[in-house]
Amino acid sequence: MALPMADQQPRRVEPLAHPECTLPPLRIWSSLTRSETAFIPVDYVGKSVTWHTCGPTVYDNAQSGHARNYVITDIPPRIMRDYFKFNVKFIMNIADVDDKVISRVRQQHLFAEYKAKYPFIDTKVLDMAQLAFSAFLEQRLPLLCSGTLSSNFDHEAKCNYGFLLSGGILNANKKPGLDEARIKRDTKTVSIAAEAIMKALDEMSSKTSEPEVSFETMSTKSATPGERLNSSEALYEVCEIFLVYPDLVGGFSITSSGYSLFGTLTRTFETRFLDDMRRLNLLDLDELIRATSYLPEIIQFIEKII
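Residues numbered from 1 in each chain as written. Predicted model: local features only at pLDDT ≥ 70, side-chain atom pairs only at ≥ 80, totals over all residues. Heavy atoms only, no water.

Undergrad: Please set out helix α4 (residues 153-165) residue by residue, giving values where relevant.
TA: Over its 13 residues, α4 runs only 14 Å from end to end, short of the ideal 18 Å by more than 12%, given 1.5 Å per residue. Considering bend angle alone, the principal kink of α4 is centred on C159 and spans about 60°. If you check which residues of α4 are buried, you get F153, E156, A157, Y161, G162 and L164. Contacts from the buried residues of α4 go to α3 (123-140) and α5 (178-206). Remark: G167 follows α4 within two positions and exhibits a positive phi of approximately 110°. (Helix = DSSP H or I, 4+ residues; strand = E, 2+ residues; numbered from the N terminus. Expected span 1.5 Å × (residues − 1). Bend = angle between axes of the 7 residues up to and from the residue. Buried < 20%, exposed > 50% of the residue type's maximum accessible area, 1.4 Å probe, protein only. Contact = heavy atoms within 4.5 Å.)

Undergrad: So what's going on with a nonpolar patch on the surface? Residues and values would help.
TA: Taken together, the side chains of V97, Y294, L295, I298, I299, F301, I302, I305 and I306 make up a nonpolar region of the molecular surface, amounting to roughly 870 Å² of accessible area. Along the chain, I302 falls in helix α10 (residues 295-305). Exposure remark for I302: the relative accessible area of 40% places this residue in the partly exposed category. (Patch = residues over 30% accessible without salt bridge, like charges linked within 9 Å, V, L, I, M, F, W, Y side chains within 5 Å. Areas by Shrake-Rupley, 256 points an atom, 1.4 Å probe, with all protein chains shown as cover. Salt bridge = Lys/Arg side-chain N within 4 Å of Asp/Glu carboxyl O.)

Undergrad: Tell me what's going on with the sheet that holds strand β3 (residues 48-57), and back it up with residues and numbers.
TA: Overall, parallel pairing links the 3 strands, which are arranged β3-β4-β5 in an open sheet. In the strand order of this sheet, the two ends are held by β3 and β5 (287-290), each with one partner. Averaged over all pairs of adjacent strands, the angle between their axes in this sheet comes to 25°, without regard to strand direction. Pairing of strand β4 (residues 87-95) with β5, which is carried by 4 bridges, proceeds in the parallel orientation. Within β5, the position partnered with M92 by the bridge is L288. Helix α1 (residues 64-82) contacts β3 and β4 of the sheet and is inclined by roughly 175° relative to β3. (Pairing = 2+ DSSP bridges. Axes fitted to C-alpha atoms, helices over the stretch in contact; angles between N-to-C directions.)

Undergrad: With reference to specific residues and values, describe the pairing of strand β2 (residues 35-38).
TA: Across 4 bridges, the pairing between strand β1 (residues 27-30) and β2 is antiparallel. Looking across to β2, one finds that R27 is bridged to A38. Remark: 4 residues form the turn of the hairpin made by β1 and β2, two consecutive strands paired antiparallel; R34 in that turn has positive phi of roughly 55°.

See the structure below:
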């Protein structure tokens, strides 16, 4: 039975090879025609090929899922270049404007303001740390109860996510993927944060004659100069959880003078991503395209399709 017109693949006219150019016998599977077809580059005389790879959204550090993706996409252009002897131009685009980028800029900005306001650890900082701790758990590790404290996190994590941390999967009908990787990453992040919070509590307790301060009673205590630790940097550096909570409760709007915050953030993670690619011995890019360089064209395209 013939497919309805809407479900039929559009007809494609294949390019013809130049009679004076001997191309390698490369055939590829075309997702458009759903068949094997001879690979004939547009520049069939010079055998030049432009290879485009969709790059990351640069709002955070790369993780193992990114590494897997870019190692895999690194293989075909190498085969085309080294085996079939095509002249490959390797291009990657970077999404440097996105809802996630905007959210992370907010978080980074509010976090920087908070660190400037509280350069030392006191009971207020540790009180906020537990609120941030709980907010992070609710957002990233929902199987844990909202009352989970830093002191019993490792135990609760093993009880609720032990099957996954031991190599299990979330969905028996699917292969392990990004969801499992994110949970493992977030579990490690919270475990490090919990250890840092407990260490800060121990240090504060040793500097006072009072018993160890619990998070439950912390909101009713007032900080005194003697209860401050020397610096909050050690706690802040390992506590990624601090990025979530201030954004939930703090207000922040970006004026035209603050647009540079976006460029600073995205270029930082872009540089780290490219460094990671080099460490994995992946091909160097011939050209890097940023979405922000083509905003008028993107807007025009969106207006056309809606």
